[in-house]
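# Breakdown of the fold
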Amino acid sequence: QVQLVESGGGLVQAGGSLRLSCSASGSISSINAMGWYRQAPGKQRELVATITMRGSTNYADSVKGRFTISRDNAKNTVYLQMNSLKPEDTAVYYCASENRYRLWDYWGQGTQVTVTS
């Protein structure tokens, strides 16, 4: 079992920045990668960014150059630095962990990010 707890969401004006944090606990050794997904009202959940245990990263085209995913292995924490935020970034952001079978099997409770124009 892996427990994921997100923090750092909030309300920000367009052009502003936020940093999300995701703290993992439990069976950390079973994690192959961690990532951030988001779901806007009326839309499907979509991948935002991922980072492997070795530090390889991947980003959705819509956030490349604006968002940065990073990790602190000593703290078992993953971060998502979000800069130049746009109203279309408004969504509930979820942290998730991927197991060695490439399944995203554990999810956090989500944190709301609202960007006003």
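Above this text is the structure in question.
The present account deals with the structure reproduced in this document. (Residues numbered from 1 in each chain as written. Predicted model: local features only at pLDDT ≥ 70, side-chain atom pairs only at ≥ 80, totals over all residues. Heavy atoms only, no water.)

### Structural notes on the packing of aromatic side chains
Enumeration over the complete set of coordinates arrives at two aromatic pairs. Summarising the aromatic geometry, the rings of Tyr37 and Trp104 are spaced 5.5 Å apart at their centres and angled 75° between planes, so their arrangement reads as edge-to-face. Residue Tyr37 is found in strand β4 (residues 33-39), and its partner Trp104 is found in strand β10 (residues 104-107); the two are separated by 67 residues along the sequence. By the ring-pair criterion, three or more aromatic residues cluster together here, those being Tyr37, Trp104 and Trp107. Lying over the aromatic face of Tyr94, Arg45 brings its terminal NZ or CZ to 4.0 Å of the ring centre. Between Arg45 and the ring centre of Trp107, over which it is positioned, the NZ or CZ distance is 4.7 Å. (Phe/Tyr/Trp six-rings, centres within 6.5 Å; stacked < 30°, edge-to-face > 60°. Helix = DSSP H or I, 4+ residues; strand = E, 2+ residues; numbered from the N terminus. Lys NZ or Arg CZ within 6 Å of the ring centre and 35° of its normal.)

### A look at the nonpolar core
Trp36, Leu80, Met82 and Tyr93 are the most contacted members of the largest nonpolar core, which has 28 residues in total. If one sorts the elements of this core by residue count, strand β3 (residues 18-26) sits on top with four residues. (Core = buried A, V, L, I, M, F, W, Y, C linked by side-chain atoms within 4.5 Å. Buried < 20%, exposed > 50% of the residue type's maximum accessible area, 1.4 Å probe, protein only.)

### Description of the pairing of strand β11 (residues 111-116)
Two faces belong to every sheet, and in a regular strand the side chains alternate between them. Alternating residues of β11 divide into Thr111, Val113 and Val115, all buried, and Gln112, Thr114 and Thr116, none buried. Taken together, the four bridges between strand β2 (residues 10-13) and β11 define a ladder with parallel strand orientation. Paired with Gly10 across the two strands is Val113, which belongs to β11. (Pairing = 2+ DSSP bridges.)

### Describing the pattern of salt bridges
Scanning the model with the defined rule gives four salt bridges in all. Notably, a salt bridge pairs Asp61 with Lys64, separated by 3.1 Å at the nearest N-O pair. Given a relative accessible area of 65%, Asp61 falls into the exposed group. (Salt bridge = Lys/Arg side-chain N within 4 Å of Asp/Glu carboxyl O.)

### Topic: the sheet that holds strand β1 (residues 2-7)
In a beta sheet, neighbouring strands pair by backbone hydrogen bonds and run either parallel or antiparallel. Strand order in the open sheet made by the four strands is β1-β3-β8-β7, with antiparallel pairing throughout. The outermost strands of the open sheet, each flanked by one partner alone, are β1 and β7 (67-72). The mean angle between the axes of side-by-side strands here comes to 15°, regardless of whether they run parallel or antiparallel. Both β3 and strand β8 (residues 77-82) contribute to a ladder of six bridges, which runs antiparallel. When the sheet's bridge partners are listed, Leu20 is paired in β8 with Leu80. (Axes fitted to C-alpha atoms, helices over the stretch in contact; angles between N-to-C directions.)

### So, the state of the cysteines
What the rule picks out here adds up to one disulfide. Here Cys22 pairs with Cys95 through a disulfide, and the sulfurs are 2.0 Å apart. Torsion about the S-S bond of the Cys22 and Cys95 cystine: about -80°, corresponding to left-handed handedness. Remark: Cys95 occurs in strand β9 (residues 91-98) and Cys22 occurs in strand β3; sequence separation between them is 73 residues. Like Cys95, Cys22 is buried. (Disulfide = S-S within 2.5 Å.)

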